[in-house]
Amino acid sequence: MRQAGRALPEYRSLKQKHSFLELVQTPELAAEVTLQPIRRFDFDAAILFSDILVVAEGLGQRYQFRDQGGIEMEFLLKAAADVDRLQVEAVTERLQYVAKALPMIKSALNGRTALIGFAGSPWTLANFMIEGGGVKEYTKAKALFYGDPPLFTRLMEKLTQAVTGFLHLQIDAGADAVQVFDSLSGVLSDGDFARASGCWIKQIVTGLKGRVPVIVFAKATHGNWDDLVDTGAQVLGVDWNVRLAEVGARLTERVGVQGNLDPFLLCTTPGAVAAETGRILREMRGRPGHIFNLGHGVPPGAKLENIESLVRTVRSFK
């Protein structure tokens, strides 16, 4: 489960000593945070502790967290000159701290648990890099997409190359599978998803040449299942705002589905978690390729007993 460490006291203890960026950029610390949920819950897969914006940093657009909270990019992508500043050729070298963390994790997992790497999608990265951080309403990337298609294409080509190279780096360092998070795909209309985001994800999947399975999670893109299948991903992550069984029935069985418990349930009670987890499992019974997961990341307010209830319910299901 992505961001599972948020709920752990051992993670919070580390956060008292180190900033988030220190945890991401220090291989030993990133490895430790990745392994903490595995030690406690024995999940079937570990997902690298990192951040989608490391790709922006690798391109030369560094980021930090404001004192009052929220992400702040070092500079904004306002014009062609800003896009030209992004250095695709520097990404692999600048992100060597990720390459160093993965073998440490792999060694500790000792073949018992799969290791998943990840990156943000070009569209989602573009939104943060153009807006300068997280905002209430993402509009500037859409304005670029509609208003200046050539410049939009130049930016997306750079981001696609950077993400593909970063995922290759993770595979070289030991990742058994990789996931592309398109967390902001839902700001696009159904008719524009393929051109603004899906086609670039497809280029990434193609560029990975089938080295490992690829999972694509596109949040709130419920009208674009055919476009998502067309990316070539082996597994599609599904958020909690749609009935998973209906999605599974619609898709070819050659594509796995991952999801889709409402993350908020982890803030409620073990009984509520068990009930909803059981419902999803029953509805997905017999559907090949279902990977049980949340419909998004673990919320900060998740309770340990609720995560334990989820794991227990999945493992005891027959």
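In this numbering scheme, every chain counts its residues from 1 along its sequence in written order. Owing to the predicted nature of the model, reporting of local features is limited to residues with pLDDT of at least 70; listing and counting of side-chain atom pairs is limited to 80 or more, with chain, interface and lining totals taken over all residues. Hydrogens and waters are ignored; side-chain quantities use all the structure's heavy atoms.

Remarks on the packing of helix 1 (residues 9–17) against helix 3 (residues 27–41)
Where helix 1 meets helix 3, the axes come as close as 9 Å, and the angle between the chain directions of the two elements is 160°. Relative to helix 3, helix 1 is oriented roughly antiparallel. Like other packed secondary-structure pairs, helix 1 and helix 3 cross with a definite hand, here right-handed. Residues Pro9, Glu10, Tyr11 and Leu14 of helix 1 form the contact with helix 3, whose own contacting residues are Leu29, Glu32, Val33, Gln36 and Arg40. Counted by class, the contact of helix 1 with helix 3 contains five nonpolar, one polar and three charged residues. Angles shown run from 0 to 180 degrees and are taken between the N-to-C directions of axes, each axis being a line fitted to C-alpha atoms and, for helices, limited to the stretch in contact. To qualify as a helix, a DSSP run of H or I must reach at least 4 residues; to qualify as a strand, a run of E must reach at least 2; elements of each kind are numbered from the N terminus. Oblique is the label for any angle not covered by the other classes, which are roughly parallel (under 35 degrees), roughly antiparallel (over 145) and roughly perpendicular (65 to 115). In this scheme the crossing of two helices becomes right-handed for a clockwise turn of the near helix relative to the far one and left-handed for an anticlockwise turn of less than a right angle. Whether two residues are in contact is decided by their heavy atoms, any of which lying within 4.5 Å being enough. By the convention adopted, Pro, Cys, Tyr, Trp, Phe, Met, Ile, Leu, Val and Ala count as nonpolar, Lys, Arg, Asp and Glu as charged, and the other residues, Gly among them, as polar.

Overview of the sheet that holds strand 1 (residues 45–47)
Taken together, seven strands build an open sheet; the order of strands is 1-4-5-6-7-8-9 and the sheet is parallel. Each edge of the open sheet carries a strand with a single partner, namely strand 1 and strand 9 (290–294). Strand-to-strand, the axes of this sheet are offset by a mean angle of 25°, without reference to chain direction. Pairs of strands are assigned from DSSP output, requiring at least two bridges between the strands. Summarising the sheet, strand 1 and strand 4 (residues 114–120) pair through three bridges and their orientation is parallel. The residue bridging alanine 46 from the neighbouring strand is leucine 115, located in strand 4. Strands in contact with helix 7 (residues 96–109) are strand 1 and strand 4; relative to strand 4, the strand with the most contacts, it is inclined by about 155°.

Concerning the packing of helix 14 (residues 270–283) against helix 15 (residues 304–316)
At a minimum axis separation of 8 Å, helix 14 and helix 15 run at an interaxial angle of 30°. The angle between helix 14 and helix 15 falls in the class roughly parallel. In the crossing of helix 14 with helix 15, the sense of the turn from one axis to the other is right-handed. Counted together, Pro270, Val273, Ala274, Thr277, Gly278 and Leu281 of helix 14 and Glu305, Asn306, Ser309, Leu310, Thr313 and Val314 of helix 15 form the full contact between these two elements.

Structural notes on the packing of aromatic side chains
Any pair of Phe, Tyr and Trp rings, taking the six-membered ring for Trp, is counted once the centres come within 6.5 Å. Such a pair is stacked with planes under 30 degrees apart, edge-to-face with planes over 60 apart, and tilted for the rest. Throughout the structure, instances matching the rule amount to eleven aromatic pairs. The interplanar angle of 80° and the centroid separation of 5.6 Å between the aromatic rings of phenylalanine 118 and phenylalanine 181 together place this pair among those described as edge-to-face. One end of the pair, phenylalanine 118, is in strand 4; the other, phenylalanine 181, is in strand 5 (residues 177–182), and 63 residues separate them in sequence. The two residues phenylalanine 118 and phenylalanine 181 agree in class, both being buried. Between phenylalanine 128 and tyrosine 138, the ring centres sit 5.8 Å apart and the planes meet at 70°, which makes this aromatic pair edge-to-face. Of this pair, phenylalanine 128 sits in helix 8 (residues 122–131) while tyrosine 138 sits in the loop between helix 8 and helix 9 (140–147); the two residues are ten residues apart in sequence, bridging distant segments of the chain. Tyrosine 138 matches phenylalanine 128 in its accessibility class, with the two residues each being buried. For a lysine, the NZ atom is tested; for an arginine, the CZ atom; a charge sits over a ring if that atom is within 6 Å of the ring centre and within 35 degrees of the ring normal. Over the ring of phenylalanine 75 we find arginine 85; its NZ or CZ atom is 3.8 Å from the centre of that ring. Exposed residues in this analysis have more than 50% of their type's maximum accessible area, buried residues have under 20%, and partly exposed residues fall in between, with area computed by a 1.4 Å probe over protein chains only.

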